[in-house]
Amino acid sequence: MVLVWCLILVLMASCSSGSGGGAANPDASGGNSAGGSTDAPAKPDDKEESNTSEMDFDMGGRTIKWVSWYDESIKEDNPDNIKKKQNLDELMKKHNFKMEYVMIDYSEYVNKVTSSLLAGEPIGDIIRMARPWMIPTLVKQDLFSPVDEYTKNQNVFIQQYTNDYSQFEGRGYGFRAGINGASSGIFYNRTLMGKLGLKPLQEYVNENNWNWETFIQAAKEANKDTNNDGKLDIWGLASASILVQALAANDANLVSEGKQNLEDPKTKETLDFISRLATEHIARPTEGGDWTEPGQFFRQGNTLMYAGSDYEMDGFKKDMPDLDIGFLPFPKGPSATEYRSHLTIPNYLTIPKAVEHPEQLVYIYEKINDIESIYDYPKQSTLETLFKNEDDIHNAKIAGEVINVVDGKDGYPSMPYYELVGEILEGNSVSTVIGKYKEPFQASIDEVWKK
C-alpha cells in the first residue's frame, strides 16, 4: 500500500494523453530509463514496409475491454480523431467486435488491476499500465504478452515506448501512439514582467541564451520589495524544488543501468543548481503548503516564473483571466545542447498474457491510428488550443521534441528521494549529501531489481 500511495501522489500530474484519440490529460511527468526521445515518431521512408499486412479474422462478437484511469474513447473533436473513429467503426464491422472503455478510479487502479492479473482473470483486454507497476515484478511472473513483434509501424507506434520504456530482458511489453508526453517548461507572468520593466524572457530564447545562468539572473531581478518594508512581496520563482525538471534539462539522472547515479558529474551539476536556488534565496520560500503550493503562488500574480507542464495552461487561463501568461522551455543545463522536457513514469497500453490473440488487439489499435494527419506535427491541435501567442506555441513545441525520463523516485519505494532534496534545500553541502545518500539509493534500487 505504501508503494501504491507513493505512486498515486506522484503520477497524478502525469496522466497521459489518450492514444486512442481523445485526450484527457497529456503526459506531464509524466512516461517515460535515462536518455531522450523525440516527441513524434519519425515516419519511415517507405510507409508500406512498416505497415502490418491486412489481417482477416472474426472475433465472434466479443467485447474488447479497454481499461484506463481516464476515458480513452475517441472524441470526434478534430479531423484526425474523426478519421480514427471512422476507422474503429469499420474495424468493428469487419472483425465482428465491440469496444468498451472501462474507467477505474485512480486511487483504486493499481490494486484492482494487479489483483485481477494475479487471479488469472484480467480486468480488461487492453490495460494502461505504468512501468513501475509491472516491471520487474509482474512481468517476471509472465503476466503480460510481449508486443514488440507487432509494433513496427512507425507511422503509428512511438518506438521508444515499446523498445525502451516497457522493455524487460530484451522484450517490449507496451505500445502507444500519438505523442510522447507533455511539454514541460517555465510559465511566466508577462503582465508582471512588463510592470517590473524586466528584459522580455522570450529574448533569451531568441538569442539562444536561455540557460541556468540567465534563468537565475531573471529570477533575481524579479525579487522585489515594492513597499519598502524590508520584505520581498514580488518573487522571481515559485519554488526551488524543481530537481526532476533540472535533471532532465541537463541530460542527468538519479539511476542509470541499475546503479545509483548521484556521483555522475551531470547529476552533481544539477544538485549544485538546486542548492544555489536555495542558498542564494532565489526562489520564493515555502509557507508549509503541499505540492500544489508553487502553482498557488503563481496564481497570486506576484510571482514571475513557475515550472510546470503545458496542460496546466487551461487552469491558468481560468484562474488568471486578466493576466498575460507565457510559456518558455525549461532552461538548458550546462551539459545539454537542446531543450528537454521531463517524464518520470512511462505509461502505455499492455495486453495481459491470459488474453488470447494479442496480435489481433495490437493490429486493431494500429489500424485505428494509422491515418494521414492534417497537422504539421502531432501536438499542433493541442498546443494551438492551449496557447494563443505564437512564441508560446513554438516554445512548447520545441520543449517537447526531446523528453528525458528521470528514473528514480517513482520506481523505488524505499528510495530516500525527498530526504535528499530536503537536505539540499536546507543548504547542506552537495558533496556531503551525495556521500550520505549514495548507499541508501543503491539499496533501494537493489531491493526492486534483485528480488
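- Under an unreviewed UniProt entry, the name given to the protein chain is ABC transporter substrate-binding protein, and the organism recorded is Paenibacillus cookii.

A closer look at the nonpolar core
(1) Moving on: L201, F215, I242, F273, L277, M305 and L420 are the most contacted members of the largest nonpolar core, which has 56 residues in total.
(2) Moving on: It is helix α19 (residues 430-449) that contributes the most residues to this core, 7 residues altogether.
(3) Moving on: Discounting residues that sit within four places of it in the chain, M305 has contacts with I186, F187, Y188, L201, W210, F215, A218, A219, G236, L237, A238 and F298.

Section: the pairing of strand β13 (residues 347-350)
(1) Moving on: A two-sided burial pattern is seen for β13, the buried positions comprising N347 and L349 on one face and Y348 and T350 on the other.
(2) Moving on: Pairing between strand β3 (residues 126-130) and β13: 4 bridges, direction antiparallel. Counterpart to R128 in the pairing with β13 is L349.

Describing helix α18 (residues 417-425)
(1) Moving on: Where α18 is concerned, the buried positions are Y417, L420, V421, E423 and I424. Down the axis of α18, the smallest arc covering the buried residues is 160°, so these residues share one side.
(2) Moving on: For α18, the secondary structure elements touched by its buried residues are α11 (243-249), α12 (265-279) and α19.

Regarding the pattern of salt bridges
(1) Moving on: Within the structure shown, the criterion is met by 26 salt bridges.
(2) Moving on: The residue E280 makes a salt bridge to R276 at a minimum N-O spacing of 2.9 Å.
(3) Moving on: Relative accessible area serves as the criterion here: at 25%, R276 is assigned to the partly exposed category.
(4) Moving on: Residue R284 pairs with E287 through a salt bridge whose shortest N-O separation is 3.7 Å.
(5) Moving on: Within the structure, one salt-bridge network assembled from shared partners comprises E213, K220, R276 and E280.

Points about unusual backbone geometry
(1) Moving on: The peptide bond linking I135 to P136 adopts the cis configuration, its omega dihedral lying at 10°.
(2) Moving on: For P136, the position within the fold is in the loop between α5 (131-134) and α6 (137-140).
(3) Moving on: For E257, which is not glycine, the phi torsion reads 55° and is therefore positive.
(4) Moving on: With respect to the helices and strands, E257 occurs in the loop between β8 (255-256) and β9 (259-260).
(5) Moving on: By relative accessible area, E257 is classed as exposed at 79%.

The rules behind each value
- Residues numbered from 1 in each chain as written.
- Predicted model: local features only at pLDDT ≥ 70, side-chain atom pairs only at ≥ 80, totals over all residues.
- Heavy atoms only, no water.
- Core = buried A, V, L, I, M, F, W, Y, C linked by side-chain atoms within 4.5 Å.
- Buried < 20%, exposed > 50% of the residue type's maximum accessible area, 1.4 Å probe, protein only.
- Helix = DSSP H or I, 4+ residues; strand = E, 2+ residues; numbered from the N terminus.
- Contact = heavy atoms within 4.5 Å.
- Pairing = 2+ DSSP bridges.
- Arc of directions from axis to C-beta.
- Salt bridge = Lys/Arg side-chain N within 4 Å of Asp/Glu carboxyl O.

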